[in-house]
Amino acid sequence: MSRYNPADAEPKWQAAWEAAKAFDADAMDARKPGYYALEMFPYPSGRIHMGHVRNYAMGDVIARYKAASGYRVLHPMGWDAFGMPAENAARDKGVHPKGWTYDNIAAMRAPMKRLGFALDWTREFATCDVGYYNQQQAIFLAFMKQGLVYRKKSKVNWDPVENSVLANEQVVDGKGWRSGATIEQREMNQWVFKITHYAQELLEGLDTLDRWPEKVRTMQANWIGRSEGLNMRFEWAETQSVDARKTLDKMAFDRVFKDEDASYDGIEIYTTRPDTLFGASFIALSADHPIIKNMAKSNSEIKNFRIKCGQIGTTEEAIATAPKLGFDTGLKVKHPFTGKELPVWIANFVLMGYGTGAIFGCPAHDQRDLDFSRKYGLPVLAVVLPEGEDAASYDVGTEAYTGEGTIYNSGFLDGLSKDEGIKAATAKIEEMGLGHGTVQYRLRDWGVSRQRYWGCPIPIIYCKDCGAVPVPEGDLPVELPDDVSFDKPGNPLDHHPTWKNVPCPTCGKPARRETDTLDTFADSSWYFARFAGGNTDDRPFDKVEASNWLPVDQYIGGVEHAVLHLLYARFFTRGLRDCGLLDLPSGEPFAGLFTQGMVTHAVYQDEDGAYIEPANVDDKDGTLLTIDTGKTVTKGDVIKMSKSKKNTIDPEDIIADYGADVARWFVLSDSPPARDFEWTESGVVGAWRFSGKVWTLVTGTAFDGNPVTPAHDATGEALELRKVAHKAIDNITSGIESFRFNTSVAQIYELTNALTKYKGDDAARLEALGILIRAIAPFMPHLAEECWANIGGEGLCYHAPWPVADLDLLTEDTVTLPVQVNGKRRSEIEVAANLDKGGVEAAAMADERTQKSLEGLTIRKVIVVPGRIINIVAN
Ligand code: ANZ
Ligand code: ZN
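Note that the structure is a prediction, hence the values are computed from the model and not measured.

## Things to note about the overall build of the protein chain
For step 1, the next point in the chain: Tallying secondary structure elements over the protein chain gives 28 helices and 35 strands in all.
For step 2, the next point in the chain: Along the first, second and third principal axes, the C-alpha atoms of the protein chain reach 105 × 90 × 65 Å.
For step 3, the next point in the chain: Residues classed as buried in the protein chain amount to 53% of the 875 residues present.
For step 4, the next point in the chain: Of the contacts formed within the protein chain by residues at least 6 apart in sequence, a portion of 72% connects residues at least 24 apart.
For step 5, the next point in the chain: For the protein chain, the exposed area adds up to about 38500 Å²; of that, 50% sits on carbon and sulfur atoms.

In structure tokens, the structure reads:
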């Protein structure tokens, strides 16, 4: 028997697949139904890591399984190639971002190919290819015509390390998602995608995504954050202090004569709890509210207070956790129902970007308002009484009550429930002409301007006379210049001596290019459509082709993209649809989504606390020592593989030592795909042994026959083997269909064991081996091909049909029979299907629930209807 040598076999079969154009969707039988399998495409960092291997191995199981099941499978691969690291490399190492990126792509493509994924490489592209970003610029212009792009001066999240703007989604706990730097606020002009145009549709669409994880749908729904409430005006009180009166008069003047955007009629607030209006004790405005900005011009205390608020950061998390800060403006408004005067404060927890940037504070029923009121000595009046509390003695203490209850202390609202109160108060405010019910979304438009070189240039030209002029389509692409330098901080495109100087497309006068590039999340928002619709150079993709393939049937990637990429892509497909570029009525790009867990590994440290690579650790009978210096090593937590903790395993080493199949098999074998997976040395050795076991089984005997032919006349042991094999098909298939690959693997082990024990060298064995080989093919495709050839399988195993379970062999050997006592069903028993009448009767009598229902009765007769029922007559 020959040894299986992956180093020979794997390249051989990869060449055979390529020669057969096995994964080229265009070469497949067009009559078959299509299936689009896609994994989130990688960033070309330069090396593949174990997370890639696991992610793409999962997608490959699906792609190969679907191909075997009769589908024409599209399974493409490309590169999400724009982004900061290329510029960092340019700055730190003096290499050009373009060269760095394409070198990295080459360095990653090779091991990806060595892993033998069933990928359609004919469709490969990188988002930094001019052909791709040219079409992205065309999409930008199409979106602009469609009203989905606009320019806006707004407060932005400024990342001082990246020297660039970040979207809200890219700020995590007040820090840049990549740099980790504390984010500052700045006012800048930027281009914005109008994602809020689809807020409601994006929210409703989530309900149709029944093959998405619940968790991701919930995160998106929360991100979109729909809330129903009331926009209402508090009018100025008649009595104001002298100062306040001056302020109001000045604002009125500015508004009329300077066209300033400062409200004068009163203060417009947004609330979701109009039922608590009688509990209002103050009004709070955002420090960025137009009224406050206006007041700051002539009031240095307010000016200073605004600066203090600005230091907290712009993110909601930062604002929610910061200590409450307030400033009493001296202005007063009057309560719409009671006429009582309420003071107007500035509060650091009120955001300008949400609602109207102003609230009424009801401390008894909102925690922020309560903390604020306790700090500044504002009154607290409860107006919602929790059930079981006594109105005379109820006190909120330090915890605001936000639940249901009965409204009290509230005039015409007294006695109503919370919901009734909301309705009644809203109706009253509307009747008074002070406001109207509205819907608010937390979702903000997507600011896409980045002060970066290595991105897609925004196709706009600024002219003094004509303003922001779109680059005419015929002048696309706006190509990135190659001759840029990275020796100054900021944007190299801006520093370039000539690139930005162009004539205005409209009037021909000297004008200036936009030097900002698009957020790279735009690049990954439509790549799946480009894969499907081909690398066309006159339009973003072929509309018919892309519309036929989309939506992606199964998308696989990290849950960290739950609100970034996965929301942007859903926006883009809607935009493309409404621009007439894509025929996708639902607007949904991904019908099925699976989010895989991470690959983890134990962390090793030496006595000095230095991290030690696993490859440098030797286990000497339980004592861990470094291989190079013999230092003692301790094993720490098992955490996500990361370079900083040195707990990584290089996939290329594993491929070199064990072959691609073993790496693929191991990363899928141990834990459910949704969970984290721990890489261990013993695990990979186990996977390697298993592959050897399969090979031994196949080569152990000579066969004559076709491995897809059922061994119909098998009896005895052979029949038992057939039952095991067909049961395995059933479970392996459902394991793959439901993303429980580890259970499929367990079934494959079971079938392998049954085959190892089986002595016969007959048709049943050949059939079971044929099943085993086809079942391992999505996991260990090279080994499967080698085995398939060995047992006389026809053509490529890749093209062999997925085994179908024979239902007759799956029928259970036991039956469940109901037990009736005096015509009433009292219990049921499970017995062997071929048990005789006496045995069935005995089993019924031994059944606990049957015995219970017979207590105190005398049995008169027992009727057993074989395979149907047991009837007991007793009195
Ligand atoms: C009065 C009130 C009383 C409120 C009460 C809550 C409880 P969601 O559900 O997120 O829409 N709010 C409104 N605009 C705000 C802003 N720009 N910054 C900070 N807070 C703001 O939350 C709506 C509630 O958040 C609103 O309802 C308002 O406080 C506050 F017992 O109004 B509420
Ligand atoms: Zn012009």
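## Describing the site of ligand 1
For step 1, the next point in the chain: Around ligand 1 lies a shell of 17 residues, among which Ser227, Thr271, Leu351, Tyr354 and His365 are the nearest.
For step 2, the next point in the chain: Measuring from an oxygen atom of ligand 1, one finds a side-chain N or O atom of Ser227 at 2.8 Å.
For step 3, the next point in the chain: Between ligand 1 and the protein, one listed contact pairs an oxygen atom with a side-chain N or O atom of Arg368 at 3.3 Å.
For step 4, the next point in the chain: Considering ligand 1 on its own, with 650 Å² of exposed area, one finds that the protein chains cover 85% of that surface.
For step 5, the next point in the chain: Within the residue set of the shell around ligand 1, elements represented by two or more residues are β9 (266–271) and β13 (358–361).
For step 6, the next point in the chain: Split into classes, the residues belonging to the shell around ligand 1 amount to eight nonpolar, six polar and three charged.

## So, the packing of aromatic side chains
For step 1, the next point in the chain: All chains considered together, the criterion is met by 56 aromatic pairs.
For step 2, the next point in the chain: Relative to Phe117, the ring of Tyr56 has its centre 6.2 Å away and its plane inclined at 70 degrees; by these criteria the two rings are edge-to-face. Of this pair, Tyr56 sits in helix α2 (residues 50–68) while Phe117 sits in the loop between α4 (97–114) and α5 (130–145), and the two are 61 residues apart along the sequence.
For step 3, the next point in the chain: Residue Tyr56 is classed as buried on the basis of its relative accessible area of 2%.
For step 4, the next point in the chain: Ring pairs connect the aromatic residues Phe41, Phe125, Tyr132, Trp526, Tyr527, Phe528, Phe531, Phe541, Tyr555 and Phe590, which therefore count as one cluster.
For step 5, the next point in the chain: The ring of Phe412 carries Lys428 above its face, with NZ or CZ at 5.7 Å from the centroid.
For step 6, the next point in the chain: Above the plane of the ring of Trp212 lies Arg570, whose end atom (NZ or CZ) is 6.0 Å from the centre.

## Observations concerning the pattern of salt bridges
For step 1, the next point in the chain: All told, the structure shown has 39 salt bridges when counted by the stated rule.
For step 2, the next point in the chain: Between Arg123 and Asp26 there is a salt bridge whose closest N-O contact spans 3.0 Å. Of this pair, Arg123 sits in the loop between α4 and α5 while Asp26 sits in the loop between α1 (6–19) and β1 (34–39); the two residues are 97 residues apart in sequence, bridging distant segments of the chain.
For step 3, the next point in the chain: Residue classification places Arg123 among the buried positions, given a relative accessible area of 7%.
For step 4, the next point in the chain: Here Asp26 falls in the exposed class, since its relative accessible area comes to 54%.
For step 5, the next point in the chain: Between Arg47 and Asp650 there is a salt bridge, with the nearest N and O atoms lying 2.5 Å from each other. Highlighted residues: Arg47 in the loop between β1 and α2 and Asp650 in the loop between β30 (633–640) and α19 (651–658), separated in sequence by 603 residues.
For step 6, the next point in the chain: Taken together, the shared-partner salt bridges in this structure form one network comprising Glu201, Arg570, Arg574, Arg577, Asp578 and Glu588.

Rules used in this analysis
- Residues numbered from 1 in each chain as written.
- Chains lettered and ligands numbered in written order.
- Predicted model: local features only at pLDDT ≥ 70, side-chain atom pairs only at ≥ 80, totals over all residues.
- Heavy atoms only, no water.
- Helix = DSSP H or I, 4+ residues; strand = E, 2+ residues; numbered from the N terminus.
- Buried < 20%, exposed > 50% of the residue type's maximum accessible area, 1.4 Å probe, protein only.
- Contact = heavy atoms within 4.5 Å.
- Areas by Shrake-Rupley, 256 points an atom, 1.4 Å probe, with all protein chains shown as cover.
- Near = heavy atom within 4 Å.
- Polar contact = N/O pair within 3.5 Å; in protein donor to acceptor, adjacent residues only side chain to side chain.
- Nonpolar A, V, L, I, M, F, W, Y, C, P; charged D, E, K, R; others polar.
- Phe/Tyr/Trp six-rings, centres within 6.5 Å; stacked < 30°, edge-to-face > 60°.
- Lys NZ or Arg CZ within 6 Å of the ring centre and 35° of its normal.
- Salt bridge = Lys/Arg side-chain N within 4 Å of Asp/Glu carboxyl O.

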